[in-house]
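Results of the structural survey
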Amino acid sequence: MKPATNSATDSATNLATNLATQIERRASKMWAWTCTDLAAAWGFRVALAVTAPVMFIVGRHQWFIRDDWAFIVTRTQIRHDFGWHEWLLLPTAGHWMTAPLLLFGALDNVFGIDSYWPFLALNMLIHVCIVLAVRVLCRRAGVHPWTSTLVGAGLLVFGAGWENIVFAVQITYGLSLLAFLLQFILVDHDGPVDRRDVAGSVIAVIGAMSSGFGGIVLGGIAIFLLLRRRWVALAVATVPSALAQAWWWAAWGGRSPEESTGGSIAQVPAYAVRGVVATFESLAGVGALGGIAAAAALGVALWRGPGWRVQSQLLTLWATAAAMYIGLGTQRVGLGIE
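Residues numbered from 1 in each chain as written. Predicted model: local features only at pLDDT ≥ 70, side-chain atom pairs only at ≥ 80, totals over all residues. Heavy atoms only, no water.

**Some words on the nonpolar core**
Rules: We call a set of buried residues a nonpolar core when its members are Ala, Val, Leu, Ile, Met, Phe, Trp, Tyr or Cys and they connect through side-chain atoms within 4.5 Å of each other. Buried means the residue's accessible area, taken with a 1.4 Å probe over protein chains only, is under 20% of the maximum for its type, while exposed means over 50%, and partly exposed covers the values in between. Elements are defined by DSSP. Helices are runs of H or I of four residues or more, strands are runs of E of two residues or more, and each kind is numbered from the N terminus. Here a residue-residue contact requires only that any non-hydrogen atoms of the pair lie within 4.5 Å.
In terms of nonpolar packing, the biggest core is built from 57 residues, with F104, F119, I126, L156, F180, L181 and L225 touching the most fellow members. Here this core gets twelve residues from one element, more than from any other, and that element is helix 6 (residues 117–140). Not counting residues within four places of it along the chain, the set of residues in contact with L181 comprises I130, A133, V134 and L137.

If you want it as structure tokens, here you go:
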């Protein structure tokens, strides 16, 4: 017969062993769940929840400035003096901005200008929708769910252009970018033209009426559908927006010249490269890794391993980003490459 002390020791050992086994099983289950798509989705939802107070803190002292006032005061005066045609169609620095002007006008009518938040919240909402679209594209390209979540979480508040999130009038660029991403998602399918292609075409027109980037991103959609050899879909996706932009340019585009800071056109390629590298520096968090990360991402786009569908997506996105930076460079390189 064992002494009582030994029995107590054995009982304690068994209890500790059982407890350790239970903890290990629960930890294994938790780890297994963490590795699932559902867990990554919940991780992104948590990031969205954390982003809300961060955006509030960053934007709490913001107020109307520069182009904000132009949309609210100057355009309102133009409408009173010259009518709604001039209000909605007159270019600003060469940009067609009917869609943002309608949104600003609606917010002004409903909320007035006692608070900046209605205008700023709309811009922030558009930004969040852009990030959601980027996460969808990441998943379609076969990116791991958690990698997609981490990239999306970084873009929510720490992107290179974060100041655009707290400058309400930047809904102009945001709408054009969001329209491009949504249309890109909608036309990314095989088979005949269907309602997705038609919806994408309508969205493209809205993007064209939001900023001068509408034409650039429409070129990106054209490249994508050419690569995918969807000829009829190419016409459906691009012709309505192209015709709308051609009409606007012929009727209104020349009324206000585009802003330019001068500079040498020879510097534009360096400007574009710097823009791309700066984006990756912001995402990587370490300046020295920006060039390496950009080169690696470009290498993935040129690699045929993921298959033509994914490669066509990546090549299109690279071409569109390059065109955007080249377009910016022709106007802004006079400010300096940095």
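That was the structure; now back to the text.
**Let's talk about helix 8 (residues 171–187)**
Residues spaced three or four apart along an α-helix face the same direction, because each turn holds 3.6 residues. Worth spelling out the cut-off: In this scheme, a helix's expected span is set at 1.5 Å multiplied by one less than its residue total.
Between its first and last C-alpha atoms helix 8 spans 24 Å; for 17 residues at 1.5 Å apiece the expected length is 24 Å, and the two agree. The buried count for helix 8 comes to 14 of 17 residues, which makes it a mostly enclosed element.

**Looking at the packing of aromatic side chains**
Threshold: Pairing of aromatic side chains here covers Phe, Tyr and the six-membered ring of Trp, requires ring centres within 6.5 Å, and sorts the geometry by plane angle: under 30 degrees stacked, over 60 edge-to-face, intermediate tilted. A ring is scored as having a charge over it whenever the NZ atom of a lysine or the CZ atom of an arginine sits within 6 Å of its centre and within 35 degrees of its normal.
Overall, the coordinates contain 15 aromatic pairs when judged by the stated rule. An angle of 75 degrees between the planes, with centres 5.2 Å apart, marks the rings of F71 and F104 as edge-to-face. A residue pair is termed long-range when its members are at least 10 positions apart, and F71 in helix 3 (residues 67–82) and F104 in helix 5 (residues 98–111) qualify at 33 residues. Across this residue pair, the class does not change: F71 and F104 are buried. Of the aromatic side chains, those joined through ring pairs into one cluster are W63, F64, W69, F71, F104, Y116 and F119. Positioned above the aromatic ring of W42 is the side chain of R45, whose terminal nitrogen or guanidinium carbon lies 4.6 Å from the ring centre. Sitting over the ring of F44, R135 keeps its end group 5.4 Å from the ring centre.

**Things to note about unusual backbone geometry**
A positive phi is found at R66, a non-glycine position, where the angle reads about 45 degrees. Relative to the helices and strands, R66 resides in the loop between helix 2 (37–59) and helix 3. One non-glycine residue with positive phi stands out, namely A93, at about 50 degrees. Along the chain, the position of A93 falls in the loop between helix 4 (84–89) and helix 5.

**Re the side chain of T51**
Assignment of secondary structure puts T51 in helix 2. Relative accessible area serves as the criterion here: at 6%, T51 is assigned to the buried category. With residues up to four places along the chain from it excluded, the contact list for T51 reads L156 and V157.

**Description of helix 6**
With 24 residues, helix 6 should reach 34 Å at 1.5 Å per residue; the first-to-last C-alpha distance of 34 Å fits that figure. Where helix 6 ends, the next residue or the one after it, G142, has phi of about 90 degrees, a positive value.

**Digging into the environment of F111**
Checked against the element boundaries, F111 lands in helix 5. For the pair F111 and R332, spaced 221 residues apart in sequence, the C-alpha to C-alpha distance is 35 Å.

**Describing the pattern of salt bridges**
Spelled out, the test is: The working definition used for a salt bridge is a side-chain nitrogen of Lys or Arg within 4 Å of a carboxyl oxygen of Asp or Glu.
Throughout the structure, instances matching the rule amount to nine salt bridges. In this structure, R139 and D37 form a salt bridge, with 3.5 Å as the shortest nitrogen-oxygen distance. Taken together, the residues R139 in helix 6 and D37 in helix 2 connect sequence positions 102 residues apart. According to the relative accessible area criterion, D37 is partly exposed, its value standing at 46%. The shortest N-O distance in the salt bridge between R196 and D194 comes to 2.7 Å.

**Some points on the packing of helix 12 (residues 268–284) against helix 13 (residues 290–302)**
Going by this rule: Note on geometry: axes are lines fitted to C-alpha atoms, helical ones only across the stretch in contact, with angles between N-to-C directions running from 0 to 180 degrees. Angular relationships are summarised with four words: roughly parallel below 35 degrees, roughly antiparallel beyond 145, roughly perpendicular across 65 to 115, and oblique for the angles in between. Here the nonpolar group is Ala, Val, Leu, Ile, Met, Phe, Trp, Tyr, Cys and Pro; Asp, Glu, Lys and Arg are the charged ones; every other residue, Gly included, is treated as polar.
In contact at an axis separation of 7 Å, helix 12 and helix 13 are set at 105 degrees when each is read in the N-to-C sense. Judged on the interaxial angle alone, helix 13 and helix 12 are roughly perpendicular. On the side of helix 12, the interface is formed by V276, V277, F280 and E281, while helix 13 contributes G290, G291, A293, A294 and A297. In the contact of helix 12 with helix 13, the residues fall into six nonpolar, two polar and one charged.

**Brief notes about the environment of M97**
One can find M97 in the loop between helix 4 and helix 5. You can call M97 buried: its relative accessible area is 8%. M97 sits 113 residues away from S210 along the chain, and the two C-alpha atoms are 4.4 Å apart.

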